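Coordinate inspection notes
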Amino acid sequence: MTGYDDRDGKIWMDGKLIEWRDANVHILTHGLHYASSVFEGERVYGGKIFLSRKHSERLLKSGEMMDMPIPYTVDEIEAAKEAVVAANGLTDAYVRVVAWRGSGEDMGVSSARNPVRMAVAAWAWGDYYGDAKMKGAKLDIAKWKRPSPETIPTAAKAAGLYMICTMSKHAAEAKGCSDALFMDYRGYVAEATGANIFFVKDGEVHTPLPDAILNGLTRQTVIGMLEEKGIKVHVRHIMPEELADFEQCWLTGSAAEVTPVGQIGEHTFEVGDIARDIAESYERLVRS
């Protein structure tokens, strides 16, 4: 399998489509050294990017929160994404939009004089958790905690927030797990490394309050779908000891889509009716 730096195709970079292999940055790019970078991950279904404008809007908001104004409008970002999908002949794919502080006059912590750059790439990508949609993903419990909003802008989809995600996912994979579940700085159940989490008990759904985690667009979509089905959704703080009492569980995310969970640490869950139904309903929605 070829690496992501060595493929045929086109990537949109700073206003124009270029050859995939030519989409490079200088080693003294500020974002590489100081994580001054924000991004979006999106799915294409049948040639259409699901919730595309919402993703573009969130990218701009993330840039604002990072004191990194992105020099493109929502419409310009939309056009760039559409151009990339078309140029690469994709109908079902994953789209990655990334904006970062480039190289310039500053190479310390401050980067106000460096340009903000942006790129869009797209590629075919299957199920994020492999066959977990059928049997349920297996999750480890991360040793790291999701940080307080007083320490970092947790509502931004910022690269620096994913450092502990990479470390935790590596540790989980070493144990034969697909992913890891975080608690937050207070000890509440938070999220997985790249997905929000839902639980079922007595026919009702429980999901963490997004006051220290990203309020995912797929999460918001799924909550709306559940409410339309007449299923009660409790958005609240969840204690880790409650895991033993939940019957079903699933993850949501643009990459993860809706993926049932079969195990978290020592706790097991059935891939039950609600989990299966919401996964199937989501699949129909994104392709409608």
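Below: a short report on this structure. (Residues numbered from 1 in each chain as written. Predicted model: local features only at pLDDT ≥ 70, side-chain atom pairs only at ≥ 80, totals over all residues. Heavy atoms only, no water.)

What follows concerns helix H2 (residues 52-65). Counting along an α-helix, one turn takes 3.6 residues, and residues three or four places apart therefore face a common direction. When the terminal C-alpha atoms of H2 are compared, their 20 Å separation across 14 residues agrees well with the 20 Å that a helix rising 1.5 Å per residue should span. Listed in full, the buried residues belonging to H2 are Ser52, His55, Ser56, Arg58, Leu59, Leu60, Ser62 and Gly63. Buried-residue contacts for H2 involve strand S3 (37-45), strand S4 (48-49), helix H3 (74-87), strand S5 (93-101), strand S6 (116-123) and helix H6 (217-228). (Helix = DSSP H or I, 4+ residues; strand = E, 2+ residues; numbered from the N terminus. Expected span 1.5 Å × (residues − 1). Buried < 20%, exposed > 50% of the residue type's maximum accessible area, 1.4 Å probe, protein only. Contact = heavy atoms within 4.5 Å.)

Before going further, it helps to spend a moment on the sheet that holds S5. Sheet architecture is open: six strands sit in the order S2-S1-S6-S5-S3-S4, paired in antiparallel fashion. Either end of the sheet is taken by a strand with one partner, and the two such strands are strand S2 (16-19) and S4. As paired elements, S3 and S4 share two bridges and run antiparallel to each other. Along S4, the bridge assignment pairs Val44 with Ile49. The strands touched by H3 are strand S1 (10-13), S2, S3, S4, S5 and S6; relative to S6, the strand with the most contacts, the crossing angle is about 35°. (Pairing = 2+ DSSP bridges. Axes fitted to C-alpha atoms, helices over the stretch in contact; angles between N-to-C directions.)

Before going further, it helps to examine the side chain of Ser52. In this structure, Ser52 sits in helix H2. Taking relative accessible area as the criterion, Ser52 reaches 11% and is therefore assigned buried. Apart from the residues within four sequence positions on either side, Ser52 is in contact with Glu42, Glu78 and Lys81.

With 26 residues, the main nonpolar core has Ile70, Val95, Met118 and Val120 as its most contacted residues. Elements that contribute at least two residues to this core include exactly S3, H2, H3, S5 and S6. A total of five residues in this core trace back to one element, the largest contributor, which is H3. Filtering out sequence-adjacent residues up to four positions away, Ile70 remains in contact with Val38, Leu59, Leu60, Gly63, Ala99, Val116 and Met118. Counting residues in each nonpolar core, the second largest holds 20 residues, with Ala195, Ile238, Leu251 and Ile264 among its members. (Core = buried A, V, L, I, M, F, W, Y, C linked by side-chain atoms within 4.5 Å.)

Bringing the state of the cysteines into the picture now. As enumerated under the stated definition, the model contains zero disulfides in all. Just so you know, Cys249 is unpaired, no disulfide at all, and the nearest cysteine sulfur is the one on Cys177, 13 Å from it. Since its relative accessible area comes to 0%, Cys249 is described here as buried. (Disulfide = S-S within 2.5 Å.)

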